[in-house]
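Letter by letter, the chains look like this.
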Amino acid sequence: MTAAFQDFYPDEFSHCYGCGSQNPQGHHLKSYWDGEETIARFTPDAKYSGGVPEHVYGGMVASLLDCHGTASAAAFTYRALNREMGDGGDPVRFVTASLKVDFLKPTPMGVELVVRGKLRSIDGRKVWVDLSLTGNDGICAKGEMLAIRLRT
Ligand SMILES: CCCCCCCCCCCCCC(=O)SCCNC(=O)CCNC(=O)[C@H](O)C(C)(C)COP(=O)(O)OP(=O)(O)OC[C@H]1O[C@@H](n2cnc3c(N)ncnc32)[C@H](O)[C@@H]1OP(=O)(O)O
């Protein structure tokens, strides 16, 4: 089975509620390559409802974009450097500096959500990623992230 980007985060940095393998309460979001783009799939539990039970609350939507975006920034950078994750070299890790979310329509509950990341540009430690979240009836939210590579 293909490893997810998050599987390469060192344990000591894997406590993120959204995607950390070491957080037993967390969502354990997993991100993968899909051609030139990145993809993650997630079905929120019913307790993450918005104003009505049929819709997902906005914080969950932003959280999925956030975690998939930083993982994608790392993946795009590895690829730009012609490197593989887990290659034994200096780890490439990112945090979110800025995340803009446009909520285009309510996000449906009870269906698998698909989060996609597309590289906009890399400029030194700064990586801009365009994000989208799709439900069963088209794109529900779009995001623009600036992720910053941590100094190692
Ligand atoms: C080895 C470590 C492993 C860690 C593993 C983590 C795994 C991931 C876990 C999963 C995580 C899940 C996701 C999460 O939840 S991540 C959690 C949420 N994010 C954070 O907590 C980040 C908090 N912020 C910081 O730590 C610092 O501010 C960072 C590190 C981001 C930058 O501080 P640093 O001192 O390093 O760099 P710098 O200040 O010189 O800035 C550098 C450049 O960036 C530009 N800039 C900065 N901010 C903004 C902005 N808002 N808009 C526009 N531009 C901005 C800045 O002008 C400069 O540009 P230039 O002058 O070079 O042109």
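What counts, and at which threshold
- Residues numbered from 1 in each chain as written.
- Predicted model: local features only at pLDDT ≥ 70, side-chain atom pairs only at ≥ 80, totals over all residues.
- Helix = DSSP H or I, 4+ residues; strand = E, 2+ residues; numbered from the N terminus.
- Contact = placed C-beta atoms within 7 Å.
- UniProt positions renumbered as here; feature names shortened; annotations may be inferred.
- pLDDT = per-residue confidence, 0-100.
- Pairing = 2+ DSSP bridges.
- Axes fitted to C-alpha atoms, helices over the stretch in contact; angles between N-to-C directions.
- Buried ≥ 20, exposed ≤ 12 C-beta atoms within 10 Å, placed from the backbone.
- Core = buried A, V, L, I, M, F, W, Y, C linked by C-beta atoms within 7 Å.
- Expected span 1.5 Å × (residues − 1).
- Near = placed C-beta within 6 Å.
- Nonpolar A, V, L, I, M, F, W, Y, C, P; charged D, E, K, R; others polar.

### Considerations on the environment of Thr134
With respect to the helices and strands, Thr134 occurs in strand β5 (residues 126-135). In this structure Thr134 touches Leu113, Val114, Ile139 and Cys140, once residues within four positions along its chain are discounted.

### A short note on the UniProt feature "domain: Thioesterase" (unreviewed entry) in the protein chain
Under the present numbering, the feature "domain: Thioesterase" (unreviewed entry) in UniProt falls on residues 55-128. Helix and strand shares over residues 55-128 are 31% and 32% respectively, and the end C-alpha atoms of the span are 28 Å apart.

### Considerations on the confidence of the model for the protein chain
Per-residue confidence for the protein chain gives a mean pLDDT of 96, with 100% of residues at or over 70. Predicted complex metrics record ipTM = 0.92 and pTM = 0.96.

### Observations regarding the sheet that holds β5
Spatially, the 6 strands line up as an open sheet ordered β1-β2-β4-β5-β6-β3, and their pairing is antiparallel. In this open sheet, the two edge strands, each paired with only one partner strand, are β1 (31-34) and β3 (94-103). Across the sheet, the mean angle from the axis of one strand to that of its neighbour is 25 degrees, orientation sign disregarded. Alignment of strand β4 (residues 113-123) against β5, held across 9 bridges, turns out to be antiparallel. Directly across from Ile122, in β5, lies its bridge partner Val127. Packing of helix α1 (residues 58-80) onto the sheet brings it into contact with β1, β2 (37-42), β3, β4, β5 and β6 (138-149), and relative to β3 it is tilted by some 130 degrees.

### Comments concerning the pairing of β2
Residue alternation in β2 divides its side chains into a buried set, Thr38, Ala40 and Phe42, and an unburied set, Glu37, Ile39 and Arg41. The turn joining β1 and β2, which pair antiparallel and follow one another in sequence, is formed by 2 residues; a positive phi near 65 degrees is taken by Gly35. Where β2 and β4 come together, 5 bridges link them in antiparallel fashion. Bridged to Ala40 within β4 is Val115.

### Considering the nonpolar core
Grouped together as the largest cluster of nonpolar side chains are 31 residues, with contacts concentrated most on Val61, Leu64, Leu65, Ala73, Ala74, Val115 and Leu133. Every element with two or more residues in this core is listed here: β2, α1, β4, β5 and β6. Top contributing element to this core by residue count: α1, with 10 residues. Other than its neighbours up to four places away in sequence, Leu65 contacts Leu99, Val101, Val115, Leu131, Leu133, Ala141 and Gly143.

### A closer look at α1
Here α1 spans 32 Å end to end across 23 residues, near enough to the 33 Å set by a 1.5 Å rise per residue. One or two positions beyond α1, positive phi appears at Asn82, with a value near 60 degrees.

### Thoughts on the site of the ligand
Surrounding the ligand, one finds 19 residues, the nearest of these being Phe13, Arg93, Val95, Ala97 and Ser98. Elements with a contribution of two residues or more to the shell around the ligand: α1, β3 and β6. Element by element, the count of residues in the shell around the ligand is highest for β3, at 4 residues. Within the shell around the ligand, the residues separate by chemical class into 11 nonpolar, 4 polar and 4 charged.

### A closer look at the environment of Tyr9
The topology assignment puts Tyr9 in the segment before β1. When the C-alpha atoms of Tyr9 and Ser21 are compared, they prove to be 8.6 Å apart, with 12 residues separating the residues in sequence.

### Here's the deal with unusual backbone geometry
Phi at His28 takes a positive value of approximately 55 degrees, unusual for a residue other than glycine. Looking at the secondary structure, you find His28 in the segment before β1. According to the C-beta neighbour criterion, His28 is partly exposed, with 19 such atoms within 10 Å. Phi is positive for Asn82, close to 60 degrees, though the residue is something other than glycine. Assignment of secondary structure puts Asn82 in the loop between α1 and β3.

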